[in-house]
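For reference, the chains in residue letters:
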Amino acid sequence: MLSELLLSEIEGLKPHNTWPLHRLLYEAVRRTLLSGKLHAGERLPSSRELMHDLGLSRNTVVAALNQLAVEGYLVSRVGSGTFVNPDLPHVNPARTRSAPLQLEKLSRRGHALSHTFCAADLEVQPFTPGLADFSAFPVALWQRLQNKHWRMTYPDMLDYSSAGGYGPLRRAITDYLRVSRSVPVDVEQVIVTSGTQESLGLCAQLLADPHDTVWLEDPAYWGAVKAFMATGLQVHGIAVDDQGMAPLAADNATPPKLIYVTPSHQYPTGAVMSLARRHQLLALARQHAAWVLEDDYDSEFRFSGPPISSLAGLDTHSQVLYMGSFSKVLYPGLKLGYLVVPKSLAAAFKRAHYDLNRPGQMPVQAALAEFIDMGHFASALRKARQSYNQRRQCLLHALQPCLGEQAHITGAEQGLHLCLRLPTWVDDKALAQHMRQAGLVVRPLSAYCLQRQDLRGLVIGYGYAPLASIERFGPDVAQWLKQTLRSSLQPCI
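Residues numbered from 1 in each chain as written. Predicted model: local features only at pLDDT ≥ 70, side-chain atom pairs only at ≥ 80, totals over all residues. Heavy atoms only, no water.

## Here's the deal with the packing of aromatic side chains
And step 1. For the structure shown, the criterion picks out ten aromatic pairs.
And step 2. Each ring, one from Tyr221 and one from Trp222, has its centre 5.6 Å from the other, and the planes form 55°; the classification is tilted. Each member of the pair, Tyr221 together with Trp222, is buried.
And step 3. Where Phe326 meets Tyr338, the ring centres are 5.6 Å apart and the plane angle is 70°; that geometry is what we call edge-to-face. In this pair, Phe326 sits in the loop between strand 9 (320-325) and strand 10 (337-340) while Tyr338 sits in strand 10, placing the two residues twelve residues apart along the sequence.
And step 4. These aromatic residues form a ring-pair network of at least three members: Tyr221, Trp222, Tyr267, Tyr297 and Tyr448. (Phe/Tyr/Trp six-rings, centres within 6.5 Å; stacked < 30°, edge-to-face > 60°. Buried < 20%, exposed > 50% of the residue type's maximum accessible area, 1.4 Å probe, protein only. Helix = DSSP H or I, 4+ residues; strand = E, 2+ residues; numbered from the N terminus.)

## With respect to the pattern of salt bridges
And step 1. Under the definition given, this model contains ten salt bridges.
And step 2. Two residues, Asp186 and Arg178, come together in a salt bridge whose shortest N-O distance is 3.2 Å.
And step 3. The closest approach of N and O atoms between Arg277 and Asp241, which form a salt bridge, is 3.1 Å. Placement of Arg277 in helix 12 (residues 275-288) and of Asp241 in strand 5 (residues 234-241) is noted, with a sequence separation of 36 residues between them.
And step 4. One network of salt bridges, with partners in common, ties together Asp175, Arg178, Asp186 and Lys343. (Salt bridge = Lys/Arg side-chain N within 4 Å of Asp/Glu carboxyl O.)

## Examining the sheet that holds strand 12 (residues 417-422)
And step 1. Pairing in this open sheet of four strands is antiparallel, and the strands run 11-12-14-13 from one edge to the other. Two strands in the sheet have a free side with no partner beyond their single neighbour: strand 11 (408-410) and strand 13 (443-444).
And step 2. As defined by bridge partners, strand 13 adjoins strand 14 (residues 456-461) across two bridges and the pair is classed as antiparallel. Its bridge partner being in strand 14, Pro444 is matched across the sheet by Leu458.
And step 3. Strand contacts of helix 16 (residues 376-399): strand 11, strand 12 and strand 14, with the helix running at about 15° to strand 12, the strand carrying the most contacts. (Pairing = 2+ DSSP bridges. Contact = heavy atoms within 4.5 Å. Axes fitted to C-alpha atoms, helices over the stretch in contact; angles between N-to-C directions.)

## As for the environment of Leu485
And step 1. As for its placement among the helices and strands, Leu485 is situated in helix 18 (residues 467-486).
And step 2. Spatially, the C-alpha atom of Leu485 lies 8.4 Å from that of Pro423, the residues being 62 residues apart in sequence.
And step 3. Discounting residues that sit within four places of it in the chain, Leu485 has contacts with Cys402, Gln406, Ala407, Leu422, Pro423, Trp425 and Val426.

## A closer look at the nonpolar core
And step 1. Phe326 and Leu368 are the most contacted members of the largest nonpolar core, which has 79 residues in total.
And step 2. Examining the composition of this core, we find that eight residues originate from one element, helix 15 (residues 362-373), more than from any other.
And step 3. Residues in contact with Leu368, not counting those within four places in the same chain, are Trp142, Leu169, Phe326, Leu330, Leu334 and Leu336. (Core = buried A, V, L, I, M, F, W, Y, C linked by side-chain atoms within 4.5 Å.)

If you want it as structure tokens, here you go:
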């Protein structure tokens with residue numbers, strides 16, 4: 001009877017785990033004990049009997065039983081056998097099932113974080129915005145560099161990093177930002193993070209207190225909304241127009257502690273903040289004694305028009321913190337980004353980063369530093385620009401038949417996505433759902449909005465969409481849009 005019960009438990013565990021057999025048997029016996037199906041003092045079959053009944057090797061059975069004995073679930077009596085520990089508390093099965101429900105209740109913040117601006121709803125499929133094509137990443141070269149640094153790794157490379165990251169990588173980032181983005185930066189200002197989300201969280205934790213206000217673009221990047229919600233900040237949306245974030249006099253009644261912007265290519269509308277608006281924003285930050293968080297998430301991919309200086313490059317009062325990552329040019333799973341902080345904050349940020357996040361991955365950082373220094377990063381970036389530009393042009397051509405007075409494109413000069421703006425009467429969420437059912441994942445612009453109700457459109461990514469997919473499905477998107485726009489006051493989908 002016990003063997004049949006254990007076989008059933010093991011089969012139930014297999015589809016969800018890749019554990020070795022002794023761990024599966026251990027977990028099956030442990031669950032049987034805790035569920036009350038085996039009682040304190042009850043004798044178990046011998047290891048040989050279990051071996052035959054379960055079809056396992058004796059070593060597997062003995063390893064599982066020994067671990068259960070070490071943890072106090074079982075006791076062995078010489079000459080008598082193995083028994084359930086008589087001192088094991090009896091667990092009521094009904095209570096076992098109901099107890100976790102108390103633990104699963106979320107706080108108000110936890111509920112908000114898990115139910116609003118969810119990544120599953122806003123971002124990994126062809127046409128999904130915010131994603132890059134990392135399939136062309138030079139994996140073999142990257143493996144050689146990593147193996148090289150693992151072979152020559154010193155003990156301190158296996159420890160946490162209290163210096164803000166691997167020195168040569170920080171220097172490489174410094175040189176890159178000085179040349180490509182005109183960011184006036186010294187190496188001590190650069191902190192290597194696990195990406196933009198960690199950079200945002202660090203800024204929110206160190207520069208603001210719970211219930212302080214952060215100005216955020218509306219529509220907004222979902223990741224920033226989540227980072228600020230998680231740290232207890234009050235989010236105040238500032239409407240975006242074709243020149244970027246556009247604060248009004250009324251917004252000054254809600255003074256910010258932080259101002260988060262994506263000025264080079266606003267996410268998701270694609271608007272590029274004008275030079276005049278950049279100076280205005282910096283002036284407002286000085287007026288409110290606020291910090292500006294500049295997220296330059298895809299500035300590497302500019303296809304037309306002259307670049308405008310970063311906010312960090314215009315900053316004369318050390319009030320801008322600049323951040324970026326390597327996920328778009330290389331691959332998302334690399335989980336490495338950077339944060340540039342004013343010199344006066346550098347020491348405090350490094351200490352807090354060390355205490356809060358325990359940064360590491362030094363051999364990976366060393367491999368990336370060499371990847372950059374040897375010119376491979378620049379080469380990968382050139383190839384990526386060419387590939388993405390080709391896809392961008394293909395998508396623009398495919399969408400051309402649906403453009404006109406009621407539909408136009410913004411944000412196509414840069415980045416890995418564009419925004420197809422639609423009339424306010426279009427139900428963009430229903431339209432996006434209709435396309436999802438046909439296998440095309442695009443995002444409704446209205447889903448990114450905080451307070452405003454006047455935006456409709458589709459956010460369409462082309463970074464991860466193969467050229468053949470764009471050529472095949474791009475005309476379908478245009479056709480659906482034409483059908484919708486031909487309808488009177490209700491979308492025809």
